[in-house]
Amino acid sequence: MPAKNAKNDSDGFSAEERAAMKKRAAELRAEGKLGAKRADGLQAVLDSIAGMAPEDRALAERVHVAVTATAPELSPKTWYGMPAYADADGKVVVFFQDSGKFKYRYSTIGFQDTANLDDGDLWPVSYALMGWSPSVEKQVVELVRAATS
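Conventions adopted
- Residues numbered from 1 in each chain as written.
- Predicted model: local features only at pLDDT ≥ 70, side-chain atom pairs only at ≥ 80, totals over all residues.
- Heavy atoms only, no water.
- Helix = DSSP H or I, 4+ residues; strand = E, 2+ residues; numbered from the N terminus.
- Buried < 20%, exposed > 50% of the residue type's maximum accessible area, 1.4 Å probe, protein only.
- Contact = heavy atoms within 4.5 Å.
- Axes fitted to C-alpha atoms, helices over the stretch in contact; angles between N-to-C directions.
- Parallel < 35°, antiparallel > 145°, perpendicular 65-115°, else oblique.
- Left-handed = near helix turned anticlockwise from the far one by under 90°.
- Nonpolar A, V, L, I, M, F, W, Y, C, P; charged D, E, K, R; others polar.
- Pairing = 2+ DSSP bridges.
- Core = buried A, V, L, I, M, F, W, Y, C linked by side-chain atoms within 4.5 Å.

(A) Inspection of the overall build of the protein chain at higher detail. Check the secondary structure of the protein chain and you find five helices and five strands. Counting from the amino terminus, the protein chain carries its helices and strands in the arrangement α-α-α-α-β-β-β-β-β-α. Per-residue burial over the protein chain gives 34% buried out of 149 residues. Here the analysis covers contacts within the protein chain between residues at least 6 apart in sequence; of these, 48% occur between residues at least 24 apart.

In structure tokens form, the structure reads like this:
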């Protein structure tokens, strides 16, 4: 019995992680097609948000509004099935991960290495997001502004 469990766990990825990787592969294939990538990306982000649990959806919608208003130069797209926003080179700068994605107790807003958030030898690139308020919105806007400066 233990040998069977060890074999099932040998790849190290959960079913949710494998599903996210499959979604990312499909996204990469789709990016190769000609057409209105930005419009397709926006629709993919909106579809991704629509599929979230109500609490996560409310946060994702607010993040979407804050990011698109603060950094209209970023293109919405999905990244591993999550709403994300990419620079002119197509590299993700900021993304939203809903709590249901990997059964976390909180959603996160995260930044990739293309974000200009460097601050010495150590700086945060992912933030837990439990609720939305004017002060949270202000912090998110400041982070997105800094990330795209």
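(B) View of the environment of Val141. The topology assignment puts Val141 in helix α5 (residues 134-147). For Val141, a relative accessible area of 16% corresponds to the buried category. Counting along the chain gives 72 residues from Val141 to Ala69, while the straight-line C-alpha distance between them is 8.8 Å.

(C) Spatial organisation of the packing of helix α4 (residues 54-70) against α5. Where α4 contacts α5, the two axes come as close as 9 Å, and the packing angle between them is 45°. When the axes of α4 and α5 are compared, the pair comes out oblique. Considering only the axes of α4 and α5, their crossing is right-handed. Of α5, the residues touching α4 (which contributes Arg62, Ala66, Val67 and Thr70) are Glu137, Val140, Val141, Val144 and Arg145. Split into classes, the residues belonging to the contact of α4 with α5 amount to five nonpolar, one polar and three charged.

(D) Layout of the sheet that holds strand β2 (residues 82-86). The strand order β1-β2-β3-β4-β5 describes an open sheet built from five strands, whose pairing is antiparallel. Strands with a single pairing partner mark the edges of an open sheet, and in this sheet they are β1 (75-79) and β5 (126-129). Mean inter-strand twist for the sheet, computed between neighbouring axes without regard to direction, equals 20°. Strands in contact with α4 are β2, β3 (92-97), β4 (107-111) and β5; relative to β3, the strand with the most contacts, it is inclined by about 160°. Running at roughly 25° to β4, α5 makes contact with β3, β4 and β5 of the sheet.

(E) Highlighting the nonpolar core. Counting residues in hydrophobic clusters, the biggest one holds 25 residues, and the most contacted among them are Val67, Leu74, Val94, Phe96 and Phe111. If you list the elements that add at least two residues to this core, you get α3 (37-50), α4, β3, β4 and α5. For this core, the element with the most residues is α5, which contributes six residues. Listed in part, the five residues of the second largest apolar core include Trp79, Met82, Ala84 and Val92.

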